[in-house]
Amino acid sequence: MSTTRPYSPGDGGPEPSGASGMPEGGATASEAALSAALPVAPSEAAPEARGRQVRRLSLDGESGVVPLARDFTRQALYEWGWLPASGAEQRAAAEDVLLVVSELVTNACLHADGPDELLLSCDRKVIRLEITDRGAGQPAPRTPHQAGRPGGHGMFIVQRLSLDWGVVRTPDGSGKTVWAELAAPA
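Residues numbered from 1 in each chain as written. Predicted model: local features only at pLDDT ≥ 70, side-chain atom pairs only at ≥ 80, totals over all residues. Heavy atoms only, no water.

Q: How should the packing of helix α4 (residues 88–111) against helix α5 (residues 154–161) be read in this particular structure?
A: What describes two packed helices is the angle between their axes and the distance between those same axes. Packing of α4 against α5 leaves a shortest axis separation of 9 Å and a crossing angle of 145°. Both α4 and α5 take part in a crossing whose hand is left-handed. For the pair α4 and α5, the contacting residues are Asp96, Leu99, Val100, Glu103, Leu104 and Asn107 in the first and Gly154, Met155, Ile157, Val158 and Leu161 in the second. Its residues assigned to classes, the contact of α4 with α5 shows seven nonpolar, two polar and two charged. (Axes fitted to C-alpha atoms, helices over the stretch in contact; angles between N-to-C directions. Helix = DSSP H or I, 4+ residues; strand = E, 2+ residues; numbered from the N terminus. Left-handed = near helix turned anticlockwise from the far one by under 90°. Contact = heavy atoms within 4.5 Å. Nonpolar A, V, L, I, M, F, W, Y, C, P; charged D, E, K, R; others polar.)

Q: Help me out: how do you make sense of α5 in this one?
A: Because each turn of an α-helix spans 3.6 residues, side chains separated by three or four positions in sequence point in the same direction. Among all positions in α5, only Gly154, Met155 and Val158 are buried. Seen from one end, α5 has its buried residues packed into an arc of 90°, which puts them on one side. Buried-residue contacts for α5 involve α4, β5 (164–169) and β6 (176–183). (Buried < 20%, exposed > 50% of the residue type's maximum accessible area, 1.4 Å probe, protein only. Arc of directions from axis to C-beta.)

Q: Looking at this structure, how should I read the pattern of salt bridges?
A: Side chains that differ in sign of charge can pair as their charged atoms come close. For the structure shown, the criterion picks out eight salt bridges. Across the pair Arg134 and Asp60 runs a salt bridge whose closest N-O atoms are separated by 3.2 Å. With a gap of 74 residues between them, Arg134 in the loop between β4 (126–133) and α5 and Asp60 in the loop between β2 (53–58) and α3 (65–79) connect regions that are remote in the sequence. Across the pair Arg128 and Glu181 runs a salt bridge, and its minimum N-O distance is 2.9 Å. Residue Arg128 is located in strand β4, and its partner Glu181 is located in strand β6; the two are separated by 53 residues in the primary sequence. Each of Asp60, Asp116 and Arg134 takes part in one network of salt bridges that share partners. (Salt bridge = Lys/Arg side-chain N within 4 Å of Asp/Glu carboxyl O.)

Q: Explain the packing of α3 against α4 here, please?
A: Following both chains from N to C, one finds α3 and α4 inclined at 150°, their axes separated by 9 Å at the closest point. The angle between the axes of α3 and α4 places the two elements in the roughly antiparallel class. Judged by the twist between their axes, the crossing of α3 over α4 is right-handed. Packed against α3, whose contacting residues are Val65, Val66, Ala69, Arg70, Thr73, Arg74 and Leu77, the element α4 presents Ala94, Val97, Leu98, Val101, Ser102, Val105, Thr106 and Cys109 at the interface. Within the contact of α3 with α4, the residues separate by chemical class into 10 nonpolar, three polar and two charged. (Parallel < 35°, antiparallel > 145°, perpendicular 65-115°, else oblique.)

Right, dumping it as structure tokens:
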């Protein structure tokens, strides 16, 4: 379902500023990529006990942003206990999240002069992905979807895998945030 609603029903809205899930000052994308290269054991507290977890990655001016964003997301999934997957359902949920991140970042590269930031937030039921860019376009699945035709499948994939997704324009009109929410594994 495509929507321009900034937040899904029941969502409390954006995190207070500074809630990046990173130490004060954050890490550069390159530093995050280096730390994301090696899996980390999940935190001792179960995801249900930790509440909402948030991670933020600046992509502005970085090269290789699609694999960088995917590695950063994979690292967050390790930290949140989604990986290593304990079963097929959890593995499929993690792969869906990685695919949607790849599609959203790729779309920002192809249609919006590249992404500025990736924000991930997760509670025990939903993971929310947000890609911010300076583009003016409005992402939408191609209609009708033509499965055998190359290209144009990104937003169709996002729509199929997400519980909900949408676009929020920045107040000054110079960009947007494309967001998608996926179900956490049971």
